[in-house]
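Inside the fold
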Amino acid sequence: MMAASLYALLGEFARAEALAAKALSQAEERGFPEVALWSLASLGRARGELGRTGEGVALLHQSVASATEGGLRVGIVQWLTSLARVQMLDGAIADALGTIEDALTVNPEELWYRPETYRIRGELRLKQGDRNLAEADYHEAIALAQKMSAKAGELRATTSLARLLRDTGRREEARRILAEIYNWFTEGFDTADLKDAKALLEELSA
């Protein structure tokens, strides 16, 4: 279960899917409902990111509904954010915006995933054509990640902001902020987020 969650966070969704399916099967067989719930959420996210968006949305809806019914609060911010992301991939932008607002209000004390929640809201606002609100969300995500020393979240949000700055004619600012966070890292350069940041940084530096 934990490995599936970790690989999903790393963006290695094929591995996350295989592990989540295995964990879900074992948890259901052996009677561990909370483990099954976490595994179901990871499975939904992985399948959504792998292109099976309808199935991903259904599984994440099931996870959120079960957590809400059972009074489980820890993890629900992550699951709602993942649901919004998969809804966005499915083209359901209005649904995704409603879901992301739920993620921001359901458990205000749970902060660890909140930078990503703000980032996804920024992505959704950008798809609606509202660059100013999107930029504000990216800055909010970066500031919160910095406050928590959450470098992975800061990197992801800064990469999104750098793309927006590039597309609005602020290439040097984009290069500067992205280089600053990218150069902090000393390992993990084979991960999806750092590869993504490197490719954008090279484009901005050309």
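This section reports on the structure supplied with the text. (Residues numbered from 1 in each chain as written. Predicted model: local features only at pLDDT ≥ 70, side-chain atom pairs only at ≥ 80, totals over all residues. Heavy atoms only, no water.)

Concerning helix H10 (residues 171–182)
An α-helical turn contains 3.6 residues, so any two residues separated by three or four positions project in the same direction. Keep this limit in mind: Helix and strand definitions here come from DSSP, where helices need a minimum of 4 consecutive H or I residues and strands a minimum of 2 consecutive E residues; each element is numbered from the N-terminal end. To estimate how far a helix should reach, multiply one less than its number of residues by 1.5 Å. Here, residues are in contact when the closest pair of their heavy atoms is within 4.5 Å.
Spanning 12 residues, H10 covers 16 Å between terminal C-alpha atoms, matching the ideal 16 Å at 1.5 Å per step. Taken together, the buried residues of H10 touch helix H9 (151–167) and helix H11 (192–205).

Looking at unusual backbone geometry
Phi at Ser149 takes a positive value of approximately 55 degrees, unusual for a residue other than glycine. Tracing the backbone through its elements, the reader meets Ser149 in the loop between helix H8 (131–147) and H9.

A word on the nonpolar core
Selection criterion: The criterion is simple. A nonpolar core is a set of buried Ala, Val, Leu, Ile, Met, Phe, Trp, Tyr and Cys residues joined through side-chain atoms within 4.5 Å. To sort residues, take the accessible area from a 1.4 Å probe on protein chains only and compare it with the maximum for the residue type: under 20% means buried, over 50% means exposed, and anything in between is partly exposed.
Of all hydrophobic cores here, the largest spans 25 residues; its most connected members are Leu155, Leu161, Ala162, Leu178 and Leu204. Setting aside its immediate chain neighbours within four residues, Leu204 contacts Ala162, Arg166, Arg171, Ala174, Arg175 and Leu178. Among the nonpolar cores identified, the runner-up in size contains 13 residues, and Trp38, Val57, Ile76 and Leu83 belong to it.

Concerning the pattern of salt bridges
Where charged atoms from two side chains of opposite charge approach closely, those side chains can pair. Selection criterion: A pairing counts as a salt bridge when a side-chain nitrogen of Lys or Arg comes within 4 Å of a carboxyl oxygen of Asp or Glu.
For the coordinates displayed, the defined rule picks out 19 salt bridges. Salt-bridge contacts for Glu116 lead to Arg156; the nearest nitrogen and oxygen are separated by 3.5 Å. Of this pair, Glu116 sits in helix H7 (residues 114–127) while Arg156 sits in helix H9, and the two are 40 residues apart along the sequence. For the salt bridge of Arg121 with Asp137, the shortest nitrogen-to-oxygen distance reads 2.8 Å. Placement of the pair is Arg121 in helix H7 and Asp137 in helix H8, with a sequence separation of 16 residues. Both residues of the pair, Arg121 and Asp137, belong to the buried class. Each of Glu116, Arg119, Glu123, Arg156 and Asp193 takes part in one network of salt bridges that share partners.

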